Amino acid sequence: WVQSYGTRCVNPPIIFGDEVTTGLDASMSFTVIETLRNIVDDGKLAIVTIHQPSSHVLELFTDIILLSKGQVVYHGPRVNMIQYFTNYRTRNTTFC
């Protein structure tokens, strides 16, 4: 049990990060998110908050939960976001 517990502390299955790129320049932000992406590709789960990512950083994400004024306005694969908002805009006169 002790060995298992120690492994979980050093090598957790889920990584949480709150505003992991705040205060970083674009290059360092990309490096941080790219590192998290590599960890995820190795089988871990990363849940992070990020504000105003560059397009290069955004491309590293697979699934997105996008909030506006505290409400979920999109939840799904990153690759479907443009089509979702294109369809949304044609159905609604107001946009987030």
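Read on for an overview of the structure. Throughout, residues of each chain are indexed from 1 in the direction in which the sequence is written. Two thresholds apply to this predicted model, a pLDDT of at least 70 for residue-level local features and 80 or more for giving and counting side-chain atom pairs, whereas whole-chain, interface and lining totals are computed over all residues. Note that water and hydrogens are dropped before the side-chain values are worked out from all heavy atoms of the structure.

For the chain, the helix and strand inventory stands at four helices and four strands. Here the chain, with 96 residues, has 17% of them falling under the buried criterion. Any two residues whose heavy atoms approach within 4.5 Å are treated as being in contact. At a minimum sequence separation of 6, the contacts of the chain that also span at least 24 residues come to 38%. Using a 1.4 Å probe, accessible areas were evaluated by the Shrake-Rupley method; residue-level cover was limited to the displayed protein chains. Carbon together with sulfur atoms contributes 57% to the accessible area of the chain, which is approximately 7500 Å² in total. Secondary structure elements are taken from DSSP: a helix is a run of H or I of four residues or more, a strand is a run of E of two residues or more, and numbering for both begins at the N terminus. Any residue under 20% of the maximum accessible area for its type is buried, any over 50% is exposed, and the rest in between are partly exposed; the area is computed with a 1.4 Å probe on protein chains only.

To continue, consider the nonpolar core. Counting residues in hydrophobic clusters, the biggest one holds ten residues: I33, L36, V57, L60, F61, I64, V73, Y74, M81 and F85. Residue contacts for L36: discarding those within four places in its chain leaves I15, V20, A46 and V48. Nine residue types can take part in a nonpolar core, namely buried Ala, Val, Leu, Ile, Met, Phe, Trp, Tyr and Cys, and a core is a set of them joined through side-chain atoms within 4.5 Å.

Let us now look at the packing of aromatic side chains. The description of an aromatic ring pair uses the distance of the two centres, along with the angle that the planes make with each other. The rule is short: rings of Phe, Tyr and Trp, with Trp giving its six-membered ring, pair when the centres are within 6.5 Å, and they are stacked under 30 degrees, edge-to-face over 60, tilted in between. Taken as a whole, this structure holds three aromatic pairs when the rule is applied. Geometrically, the ring pair formed by Y84 and F85 is edge-to-face, given 5.1 Å between the ring centres and 85° between the ring planes. By relative accessible area, Y84 is classed as partly exposed at 32%.

Let us now look at the side chain of S29. With respect to the helices and strands, the residue S29 is situated in helix α2 (residues 26-41). Classification of S29 by relative accessible area gives buried; the value is 9%. Leaving out residues up to four positions away in the same chain, S29 has contacts with T21, L24 and V57.

Here the focus is α2. Each helix should span, by expectation, one fewer than its residue count multiplied by 1.5 Å. With 16 residues, α2 extends 22 Å from end C-alpha to end C-alpha; this agrees with the ideal 22 Å at 1.5 Å per step. Those residues of α2 that fall on the buried side of the exposure criterion are S29, I33, L36 and R37. All buried residues of α2 fall inside an arc of 105° around its axis, so they share one side. In the core, the buried residues of α2 are packed alongside β1 (14-17), β2 (45-48) and α3 (55-58). Throughout, the arc means the angular range of directions from the helix axis out to the C-beta atoms.

Distances and angles like these do not, on their own, reveal function.
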